[in-house]
Each structure stands twice: as C-alpha cells, then as structure tokens.
Amino acid sequence: REGVSIDWVKVDQVLRYGPEARKIAFWYGIFAGDYWGLMAHHHPGMESVIKAVLDRMGESAANVVMPKNTFWPFGNYIMMPVALLREYTSFAHRYIRYFQAGFK
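Residues numbered from 1 in each chain as written. Predicted model: local features only at pLDDT ≥ 70, side-chain atom pairs only at ≥ 80, totals over all residues. Heavy atoms only, no water.

1. Things to note about the pattern of salt bridges
Taken as a whole and assessed by the stated rule, the structure comprises four salt bridges. A salt bridge links Asp34 to Lys68, with the shortest nitrogen-to-oxygen separation between them at 3.5 Å. Here the residue Asp34 occupies a position in the loop between strand E2 (29–32) and helix H2 (35–42), and Lys68 occupies one in the loop between helix H3 (46–56) and strand E3 (70–73), the gap between them amounting to 34 residues. The class of Lys68 is exposed, set by a relative accessible area of 54%. (Salt bridge = Lys/Arg side-chain N within 4 Å of Asp/Glu carboxyl O. Helix = DSSP H or I, 4+ residues; strand = E, 2+ residues; numbered from the N terminus. Buried < 20%, exposed > 50% of the residue type's maximum accessible area, 1.4 Å probe, protein only.)

Structure follows, in structure tokens:
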C-alpha cells in the first residue's frame, strides 16, 4: 500500500511562522529543472493558456517567474495557515471563473 509519512515537527515549525511568512508545507510533488519545460512536456500549449488567463484577470503574466531547479508540490498535498489557504482558494476560484469564461 502507498501511504504518506509526515514529519509533524517540521510542519508545526512552518505553520508557526503565520500567514505573513507565506510558507506552505508539502510532502508530494515533482522536481522540475524548468517548470515551463516540464509543463510543455506533459501539457503542450498550457503555458500560453495559463498566462492568457492571468492576463485576463489583471495579473501580469510577464511577471510570472518560476524558479529553476526546484521541487513543485502537487496541489492536493499542501498545508498552510488558514488565512493563506483562504487567499489561495479565493485566487483559485477566481482563476477557474476566468478560465471557464475564456475557454468554453
């Protein structure tokens, strides 16, 4: 069986920073030397779609810089302080509305 092992001491340390620190704990994801390169490999054309939706939202897609050589968590394996989670879900709902409006 697959399972997840979480180091709760480390999670507690991250969550104690509070929402101002904008720290997110994760335990499952994928390493990407180049995020957009990995995206293009698995989902060709998705970068332009993501950036088009961000532009429609009034977020400058030109300012979206993804760090090189880092580990990217899968969205269903993250934990964060409640205030940051609310901000994250609010953005996600807004993003989905703009996506649906532009790509029906």
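Still more to cover.
2. A short note on H3
Taken residue by residue, H3 has Val49, Ile50, Val53 and Leu54 as its buried positions. Along the axis of H3, the buried residues cluster in a sector spanning 135°; they form a single face. On its buried face, H3 is in contact with H2 and helix H4 (82–102). Phi turns positive, to about 90°, at Gly58, one or two residues after H3. (Arc of directions from axis to C-beta. Contact = heavy atoms within 4.5 Å.)

3. Description of the packing of H3 against H4
Running from N to C, H3 and H4 point in directions that differ by 105°, and their axes come no closer than 9 Å. Taken together, the axis directions place H3 and H4 in an arrangement best described as roughly perpendicular. Between H3 and H4, the residues in contact are Val49, Ile50, Val53, Leu54 and Arg56 and Phe91, Tyr95, Tyr98, Phe99 and Gly102, respectively. Split into classes, the residues belonging to the contact of H3 with H4 amount to eight nonpolar, one polar and one charged. (Axes fitted to C-alpha atoms, helices over the stretch in contact; angles between N-to-C directions. Parallel < 35°, antiparallel > 145°, perpendicular 65-115°, else oblique. Nonpolar A, V, L, I, M, F, W, Y, C, P; charged D, E, K, R; others polar.)

4. What to know about the layout of surface pockets
If you add up the space inside the largest pocket, you get close to 1400 Å³. Considering the residues around the largest pocket, the lining is formed by 32 residues, among which Tyr35, Met66, Trp72, Tyr88 and Phe91 are closest to the centre. Of all the secondary-structure elements, those providing two or more residues to the lining of the largest pocket are H2, H3, E3 and H4. Among the elements that take part in the lining of the largest pocket, H4 stands out by supplying eight residues, more than any other. Taken together, the residues of the lining of the largest pocket break down into 26 nonpolar, four polar and two charged. (1 Å grid on protein atoms, 1.4 Å probe; cavity = no way out; pocket = protein on both sides within 12 Å on 5 of 7 lines; lining within 4 Å. Points joined across faces, edges and corners; volume = space filled by probe spheres on them.)

5. A closer look at the nonpolar core
Residues Trp36, Met39, Ile50, Val53, Leu54, Met57, Ala61 and Tyr95 constitute the largest nonpolar core, which totals eight residues. Breaking this core down by element, the ones donating at least two residues are H2 and H3. No other element matches the three residues that H3 contributes to this core. When neighbours within four sequence positions are excluded, Met39 is seen to be in contact with Pro44, Met46, Glu47 and Ile50. (Core = buried A, V, L, I, M, F, W, Y, C linked by side-chain atoms within 4.5 Å.)

6. Quick look at the environment of Gly102
Residue placement: Gly102 occurs in helix H4. Considering only alpha carbons, one finds Gly102 and Ala52, 50 residues apart in sequence, at a separation of 9.0 Å.

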